[in-house]
Structures are given as structure tokens and as C-alpha cells.
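Okay, here's what each chain looks like letter by letter:
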Amino acid sequence: METDFDIGARLKAMRSASALSQRQLAERAGVPHAQISNVEKNKVSPSVATLRKILGGLGVSMADFFEPERQLPSGPFFRADELVDLTSKVAASAIGDGTGRMTFRQVGDARAVNLQILHEVYEPQADTGETRLQHASSEGGYVIEGELEVTVGDEVQVLKAGEAYLFDSRIPHRFRNVSAGRTVVISACTPPYL
């Protein structure tokens with residue numbers, strides 16, 4: 001880690017990008033509200049355990065937190081090789097309990113435009129996990145190929161090519177490919193989650 005790395009500024013930027021107040025993050029992380037404020041103002045240097053708890057509230061790994069910002073293509077057009085592979089971030093967020101592989105590729109710099117557009121591929125048996133996802137966003141997607149089981153709260157639907165979903169991401173949700181073939185989805189999320 002570089003000595004000039006500003007933990008407070010980085011935490012504040014990531015919290016703001018997730019559209020969370022200090023109090024909301026503190027509740028999610030299970031730490032006192034003042035602790036978030038003190039870390040963001042660099043009044044205290046958090047222990048590794050405390051920083052892990054705080055980042056857990058954001059759904060961010062330590063590696064992603066300390067990873068230098070990538071220079072992302074600015075667009076407005078993007079070649080296939082310019083899509084940003086976020087598959088490792090999904091794994092770092094502790095989702096993917098299924099046996100099938102998932103890949104997630106992002107169009108451009110989602111945080112700069114406050115909109116995340118993803119090309120998602122779910123191989124057979126791919127599953128975001130029994131522990132459902134939940135984050136302060138809105139998201140939607142369109143199934144291009146295959147079938148995707150989408151669970152939102154108590155509702156479950158298997159969507160086929162040409163069908164779509166749209167919901168408040170604060171509602172616990174899950175995505176699974178329960179078919180024998182590959183599933184491809186184009187999705188959008190605002191503010192960005194990954």
C-alpha cells in the first residue's frame with residue numbers, strides 16, 4: 001500500500017457512489033456512526049478488522065478498496081475488448097454459490113455516469129447464491145439468450161429470451177440459470193453496484 005493512499009477520501013467516494021449516508025453505512029457494517037465519520041475525516045486509522053467490517057457494509061473487498069483506480073475508456077463507443085471485466089469483483093462480493101461460471105463485463109466508467117450497464121453470461125447452474133443480493137439501486141435486464149430464474153422478494157419467475165425484469169434492488173434478489181444451456185443478459189443498475 002502506498003503511504004499517500006487516502007483511506008478517508010476513498011471510503012467517502014465509495015460510500016457516496018453507493019448512495020449511502022454515513023449512518024446507513026454504519027448500520028450495514030455494524031459499527032458506530034461516529035466511526036465512519038472519523039475514518040472519512042482521517043481522524044482515526046481503522047484496524048484491519050474494522051475496515052473489513054466497514055467495507056463489508058459496502059460489499060467491497062479489501063483488494064478492491066486498495067486497488068488503484070483503473071483508467072476506463074471514456075466512450076461514447078466501446079469495442080468488445082474495451083468492456084471492463086468485473087467477474088472478479090462479483091466473486092469478491094461473495095456471490096456465486098452455484099457450480100456454473102458467471103461472467104460480467106461493464107460498458108465504460110459506470111461511476112462517472114452513475115449508470116452501470118453489464119453484459120452478463122450465466123453458464124448452466126450459475127447462481128448468485130442463496131444469500132440474496134441487496135443494495136441501494138434500481139436495476140433491470142433483458143434476456144437475450146437462454147433462461148434466467150429471477151427471484152425478487154417472494155416472487156420467482158423464469159424469464160426466457162425476449163423477456164425482462166425491473167425492480168428496486170433494496171428488495172433481496174437472486175439470479176440463477178436453471179436451464180441446460182447458456183444464458184446471456186444485458187442489464188443496467190443505477191447507481192452502480194459493482
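Located above this text is the structure these notes cover.
Small disclaimer: the values here were computed from a predicted structure and weren't measured.

Thresholds, definitions, all that
Residues numbered from 1 in each chain as written. Predicted model: local features only at pLDDT ≥ 70, side-chain atom pairs only at ≥ 80, totals over all residues. Heavy atoms only, no water. Helix = DSSP H or I, 4+ residues; strand = E, 2+ residues; numbered from the N terminus. Buried < 20%, exposed > 50% of the residue type's maximum accessible area, 1.4 Å probe, protein only. Contact = heavy atoms within 4.5 Å. Areas by Shrake-Rupley, 256 points an atom, 1.4 Å probe, with all protein chains shown as cover. Arc of directions from axis to C-beta. Polar contact = N/O pair within 3.5 Å; in protein donor to acceptor, adjacent residues only side chain to side chain. Core = buried A, V, L, I, M, F, W, Y, C linked by side-chain atoms within 4.5 Å.

### Points about the overall build of the chain
Link 1 in the chain: Of the regular secondary structure elements, the chain holds 7 helices and 9 strands.
Link 2 in the chain: Counting every position in the chain, which comprises 194 residues, the buried fraction comes to 43%.
Link 3 in the chain: Residue pairs at least 24 apart in sequence account for 65% of intrachain contacts in the chain once pairs closer than 6 positions are excluded.
Link 4 in the chain: When the accessible surface of the chain is summed, it comes to about 10500 Å², and 51% of that surface belongs to carbon and sulfur atoms.

### Notes on helix α3 (residues 33-40)
Link 1 in the chain: Inspection of α3 places I36, S37, V39 and E40 among the buried residues, and these make up the whole buried set. Projected down its long axis, α3 shows its buried positions confined to an angular sector of 165°, all on one face.
Link 2 in the chain: Here the buried face of α3 lies against α1 (7-17), α2 (22-29) and α4 (48-58).
Link 3 in the chain: Directly beyond the C-terminal end of α3, a positive phi value near 60° is found at N42.

### A look at the side chain of D127
Link 1 in the chain: Within the secondary structure, D127 sits in the loop between β3 (116-122) and β4 (138-145).
Link 2 in the chain: Among the residues examined, D127 registers a relative accessible area of 10% and is labelled buried.
Link 3 in the chain: A distance of 2.7 Å separates a polar side-chain atom of D127 from the backbone nitrogen of G129.
Link 4 in the chain: In terms of polar contacts, D127 uses its side chain to reach the side chain of R174, at 2.5 Å.

### A closer look at the environment of R182
Link 1 in the chain: By the element assignment, R182 lies in the loop between β8 (173-176) and β9 (183-190).
Link 2 in the chain: Its relative accessible area of 38% is what places R182 among the partly exposed residues.
Link 3 in the chain: Sequence separation of R182 and L148 is 34 residues, and the distance between their C-alpha atoms is 9.4 Å.
Link 4 in the chain: Here R182 is in contact with V121, Y122, E123, P124, E145, G146 and N177, once residues within four sequence places are set aside.

### A closer look at the nonpolar core
Link 1 in the chain: Membership of the largest hydrophobic core comes to 18 residues, with the highest contact counts inside it found for Y122, L148, V150, Y165 and F175.
Link 2 in the chain: Of all the secondary structure elements, the ones that give two or more residues to this core are β2 (102-106), β3, β5 (147-152) and β7 (164-168).
Link 3 in the chain: Take this core: its biggest share by element is 3 residues, from β5.
Link 4 in the chain: With sequence-adjacent residues up to four places away left out, Y122 is seen in contact with R101, M102, F104, T128, L148, F175, N177, G181, R182, T183 and V185.
Link 5 in the chain: M14, V39, L51 and L55 belong to the second-largest nonpolar core, a separate cluster that totals 17 residues.

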